[in-house]
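# A look at the structure
Here is how the chains run, residue by residue.
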Number of protein chains: 2
Amino acid sequence: MPEQSSPLDLAEGDPFGPHNLPYGVFSTPDHTGHRRVGVRIGDHVLDAGAAARALGSPYAQLLAQPSLMPLLAAGRTAWRDVRRALTAWVTVPAHRADVEPLLHPLDAVTLHLPYEVADYVDFYASEHHATNVGRIFRPDGDALTPNWKHLPIGYHGRAGTVVVSGTDVVRPSGQRKAPSDPAPVFGPSVKLDIEAEVGFVVGVPSEQGTSVPLADFREHVFGLCLLNDWSARDIQAWEYVPLGPFLGKSFATSVSAWVTPLEALDAARTPPPARDLPLLPYLDDAGEEEHGGIDLRISVTVNGHLVSEPPFASMYWTAAQQLAQMTVNGASLRTGDLYGSGTVSGAEPAQRGSLLELTWNGRDPLDLPDGKRTFLEDGDTVTLTAWAPGPHGTRVGLGEVTGRIVPSA
Amino acid sequence: MPEQSSPLDLAEGDPFGPHNLPYGVFSTPDHTGHRRVGVRIGDHVLDAGAAARALGSPYAQLLAQPSLMPLLAAGRTAWRDVRRALTAWVTVPAHRADVEPLLHPLDAVTLHLPYEVADYVDFYASEHHATNVGRIFRPDGDALTPNWKHLPIGYHGRAGTVVVSGTDVVRPSGQRKAPSDPAPVFGPSVKLDIEAEVGFVVGVPSEQGTSVPLADFREHVFGLCLLNDWSARDIQAWEYVPLGPFLGKSFATSVSAWVTPLEALDAARTPPPARDLPLLPYLDDAGEEEHGGIDLRISVTVNGHLVSEPPFASMYWTAAQQLAQMTVNGASLRTGDLYGSGTVSGAEPAQRGSLLELTWNGRDPLDLPDGKRTFLEDGDTVTLTAWAPGPHGTRVGLGEVTGRIVPSA
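Residues numbered from 1 in each chain as written. Chains lettered and ligands numbered in written order. Predicted model: local features only at pLDDT ≥ 70, side-chain atom pairs only at ≥ 80, totals over all residues. Heavy atoms only, no water.

### Comments concerning the packing of aromatic side chains
Quick note on the threshold: Two rings belonging to Phe, Tyr or Trp (six-membered ring only in the last case) form a pair when the distance between their centres is within 6.5 Å. Interplanar angles under 30 degrees mark stacking, angles over 60 mark edge-to-face geometry, and anything in between is tilted. Counted as over-ring charges are cases with an Arg CZ or a Lys NZ within 6 Å of the ring centre that also lie within 35 degrees of the ring normal.
Scanning all chains against the criterion turns up 22 aromatic pairs over all chains. Positioned over the ring face of Y316 of chain A is R275 of chain A, at 5.9 Å from the centre of the ring.

The following block contains the structure:
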């Protein structure tokens, strides 16, 4: 009998090696409905709660759960200790006999939304994106509003329609009105779009009436995911003045099933772009110990064809600044709060994170191998993937977020 | 020994008589932390779960709970049947011996937020309010945006900062910038305001990808409460273009502790105002069986002094239209979703539901017995109360929502 290779013997450079270890929640066909915390290693998922029990770990109670919520709430010391334990379980040869039976092939499990989304906030933090959108939607005014470089602009979205990667997205219906139309018409959106974003997942709550300073970012935020903020541009354009986006966004927001802990991205920290205007002290990150930027390289595909490569490092506002902004008025945080970075668009046309920008609101269709695209057609599948530089030349893979458009009900 | 009067012998015309029966969640000092569903009758709270058990009711499982969530999720038939049972418990003399020991004086209990807020949406449905705000904030443009009479404008707020009546509100800090200032400044809001609103509580969920037609409003919405959408006008004015209100609102939203079931308000149904423009079919309520308006008379007091009496019957858009709008794009509902009507302002100056309007953005201070007011000062207490016409000339009292401003942390 040939020696069987272990799922723990990963190819060199595997982006889901022991330097990564993202968390998710999975179930297997033989335990229908039985959700468990899983940790991705290579192309396998480790049943983390079962491993903790098998190895007599003190973290069994945090990990043997149907959701990430207890781990998220446990705080930074626990996050570090659990990660250290997991690293040992998948790297120390003595643990192999215990751990290997608890590995499930990725393609044999179902991945679930790994936390209950408490509040969902979406920001607007890429200068390139905001400038493009301003030029498209407000051609006669300044591209950026006067507040844009003074604070990270954000708004609340719908937490109840955040779905896990792989969930179909029903094309939304709503009102739209072209400037030349005498009255709005109703029907399925004809400008269904994506927004390539990074989502941040809050672990540790804060008290109402207090704020979270820049330096406490890592005490509250556990990790990040990829996020597609599906957007119906025609519905949005008609509704959004004066109170902001609502139905143009609220029908669905997709997130990747894997949450990458911030600790896995320490080597990807990078200085944010130079700021053009002085910042108020609560947002001024010039003296922070840790660089606020994160060097994530995102890829956007439509039906498997690459359409954009947005660079997250180019974001004007950082996730720490967004957290400081969100709480500076005393708004509290809850475990499971999710906030999106805003569409990631780089300076180059091929780095734009939305079809609105890539096609300049439909004027310049994309020429894909399966046909021209302005906005999304029924049946289209959009997938975001990303990686970041890891330690010692490795890559840290982020989970993908994918979704397929199905026709209006 | 004189015969003791029963708490169930209510004065004629008591607005919390058996025709009302609002639901809440309470605890008593002798059971610290033990939350129970309560039903208000007169100045007492009936321990509804204990009553259901004592009387062998089949609804004990819905009522013997620490929150209203199971009852909310149970649906319209259960809501009607439970209400029928409760009416019998507090009116049929044969039940008195069982029921009376389960009544707690209102001033001896603590009332809690009775449901977990899932998503919170705030609308903008009073034509008088929207017109006033438009004139104040956009004096050079049309008061109403072009979309206003075509759809009920709304946006998502922060669910995690919804607090129950009686909770202190910490004055928020944030950026503000007067048009003449060269750059924004940071500090406690100097234009802290209220918005007198009615909140609607969703019971029965809906599926993502489907919409809820006007006619199904009563299948999903359980009841209503009073809601104060605290607003920092200076923070809001600087931040809200282009993505809408965020920190100017997200620091706190107060709701009354009592949820009045829609069934208690059947006699208060009233036709909405005539609409100036034709409505798209999904919003056209001309043929609906039930009138969309509700005749609630709200009073707003500051430190006990009456400052406004906003008439809810004057709202241009109804709660059923708001639910239809919120879901027409396929956004799902969850048990515990809360949506606010938007500030209730009538046609008359003394009917305006915000200090922004009552003082015309500070130009015309209110002359209260304890001093002049433009916006709220630290220590001010704002209380909203309301009543609606009930059957046979009765009044249906709504629970109050009150909150006191405490200084910035």
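### Looking at the relation of the copies chain B and chain A
This is how it is decided: Overlaid copies result from least-squares superposition on C-alpha atoms, with residues included only where pLDDT is at least 70 in both. Throughout, a residue-residue contact means that at least one pair of heavy atoms, one from each residue, lies within 4.5 Å.
After a rotation of 180° and a shift along the axis of 0.0 Å, chain B superposes on chain A with an RMSD of 0.0 Å. Such a combination of rotation and displacement between the chain copies is what one expects of a two-fold axis. Distance from the rotation axis, computed per C-alpha, reaches its smallest value in chain B at G244 of chain B: 2.0 Å. With an isologous cut-off of 70% or more, the 100% of interface residues of chain B that recur at the interface of chain A puts this contact in the isologous class.

### A look at the nonpolar core
Rules: Buried Ala, Val, Leu, Ile, Met, Phe, Trp, Tyr and Cys residues that are joined via side-chain atoms within 4.5 Å together make up what is termed a nonpolar core. Accessible area is worked out with a 1.4 Å probe on protein chains only. A residue is then buried under 20% of its type maximum, exposed over 50%, and partly exposed in between.
Core analysis: the biggest nonpolar cluster contains 151 residues, and F200 and Y339 of chain A together with F200 and Y339 of chain B have the highest contact counts within it. Discounting chain neighbours no more than four positions away, the residues touching Y339 of chain B are V121, F123, V198, G199, F200, V202, F217, V221, A319, Q322, L323 and M326 of chain B. Within the second largest apolar cluster, 42 residues are counted, among which are A48, M69, L71 and V162 of chain B.

### Overview of the side chain of D337 of chain A
Keep this limit in mind: For helices the rule is a DSSP run of H or I covering at least 4 residues; for strands it is a run of E covering at least 2, with both sets numbered from the N terminus onward. We call two N or O atoms a polar contact when they sit within 3.5 Å, provided that within protein one can donate a hydrogen and the other can accept it, with sequence-adjacent residues counted only if both atoms are side-chain atoms.
With respect to the helices and strands, D337 of chain A occurs in the loop between α9 (319–327) and β22 (338–340). For D337 of chain A, a relative accessible area of 2% corresponds to the buried category. A distance of 2.8 Å separates a polar atom in the side chain of D337 of chain A from the backbone nitrogen of R334 of chain A. Each residue touching D337 of chain A, except ones within four places of it in the same chain, is listed here: A118, D119, F200, V201, V202 and S332 of chain A together with R158 of chain B.

### Quick word on the domain arrangement of chain A
All names here are of chain A. As a reminder, the rule being used: Here the limits of each domain have been adopted from an automatic or database domain assignment. By convention, the term buried area covers the 1.4 Å-probe accessible surface removed from two parts as they join, with the contributions of both added. When a carboxyl oxygen of Asp or Glu is within 4 Å of a side-chain nitrogen of Lys or Arg, the pair counts as a salt bridge. Ten residues, namely Ala, Val, Leu, Ile, Met, Phe, Trp, Tyr, Cys and Pro, are considered nonpolar, four, namely Asp, Glu, Lys and Arg, are considered charged, and the remaining ones, Gly among them, are considered polar.
Domain boundaries assigned for chain A yield domain 1 (23–112) and domain 2 (120–406). When each unit is reduced to the centre of its C-alpha atoms, the spacing between domain 1 and domain 2 is 29 Å. Facing 19 residues of domain 1, the contacting portion of domain 2 comprises 18 residues. Surface buried jointly by domain 1 and domain 2 totals about 1600 Å² across both partners, of which 69% is contributed by carbon and sulfur atoms. Scanning the region where domain 1 abuts domain 2 turns up one salt bridge. A salt bridge links R76 to E219, with the shortest nitrogen-to-oxygen separation between them at 3.1 Å. Put simply, domain 1 and domain 2 have two residue pairs in polar contact (both at pLDDT 80 or more) between them. Where the side of domain 1 that touches domain 2 is concerned, the elements lending two or more residues are β1 (23–27), β2 (36–41), α3 (69–74), α4 (76–91) and β5 (110–112). Looking at side-chain class alone, the side of domain 1 that touches domain 2 contains 11 nonpolar, four polar and four charged residues.

### A few points about the environment of R395 of chain A
Residues and elements named next belong to chain A. Assignment of secondary structure puts R395 in strand β26 (residues 395–406). Its relative accessible area of 42% is what places R395 among the partly exposed residues. Through-space distance from the C-alpha of R395 to that of P15 is 5.0 Å; in sequence the pair is 380 residues apart. If sequence neighbours within four positions are ignored, R395 has contacts with D14, P15, H19, W387, A388 and G390.

### Re the interface of chain B and chain A
Interfaces are often sized by the amount of accessible area the parts lose when they come together. Of the residues lining the interface, 56 residues belong to chain B; the matching set on chain A comes to 56 residues. Between chain B and chain A lies a buried interface of about 5100 Å² when both sides are counted; carbon and sulfur atoms form 61% of it. On inspection of chain B and its partner chain A, the count reaches two salt bridges. Between R158 of chain B and D337 of chain A there is a salt bridge, with the nearest N and O atoms lying 3.0 Å from each other. Put simply, chain B and chain A have 27 residue pairs in polar contact (both at pLDDT 80 or more) between them. Residue assignment for the side of chain B that touches chain A shows that the elements contributing at least two residues are β6 (120–123), β7 (154–157), β10 (173–176), β11 (185–188), α8 (233–239) and α9 (319–327) of chain B. Looking at which element gives the most residues to the side of chain B that touches chain A, the answer is β7 of chain B, with four residues.

### Examining helix α4 (residues 76–91) of chain B
Residue and element names in this part refer to chain B. For the record, the criterion: By this rule the span expected of a helix is its residue count minus one, scaled by 1.5 Å. Arc definition: directions from the helix axis to the C-beta atoms.
Between its first and last C-alpha, α4 extends 23 Å over 16 residues, near the 22 Å set by a 1.5 Å rise per residue. Taken residue by residue, α4 has A78, W79, V82, R83, A85, L86, W89 and V90 as its buried positions. Down the axis of α4, the sector holding all buried residues measures 165°, keeping them to one side.

### Overview of the pattern of salt bridges
Residue and element names in this part refer to chain A. Taken as a whole and assessed by the stated rule, the structure comprises 48 salt bridges over all chains. Here R36 ties to D47 by a salt bridge, and the two come within 3.0 Å at their closest N and O atoms. One end of the pair, R36, is in strand β2; the other, D47, is in strand β3 (residues 44–47), and 11 residues separate them in sequence. For R36, a relative accessible area of 10% corresponds to the buried category. Given the relative accessible area of 7%, D47 is considered buried. Salt-bridge contacts for D276 lead to K149; the nearest nitrogen and oxygen are separated by 2.1 Å. Note that D276 is positioned in the loop between β18 (269–270) and β19 (293–294) and K149 in the loop between α6 (127–137) and β7 (154–157), a separation of 127 residues in sequence.

### A look at the UniProt feature "binding site: Ca(2+)" (unreviewed entry) in chain A
All names here are of chain A. The condition that has to hold: UniProt positions are given in the numbering used here, feature names are shortened, and annotations may be inferred rather than shown by experiment.
Under the present numbering, the feature "binding site: Ca(2+)" (unreviewed entry) in UniProt falls on D122, E195, E197 and D229. In three dimensions, the annotated residues from a span of 108 residues occupy one location, with a maximal C-alpha spread of 10.9 Å. In this fold, E195 is placed in the loop between β12 (192–193) and β13 (196–202). Exposure remark for E195: the relative accessible area of 4% places this residue in the buried category. The contacts of E195, once residues within four sequence positions are left out, are D122, H129, L227, N228, D229, S231, R233, K249, T343 and G353. Locating E197 in the fold gives a position in strand β13.

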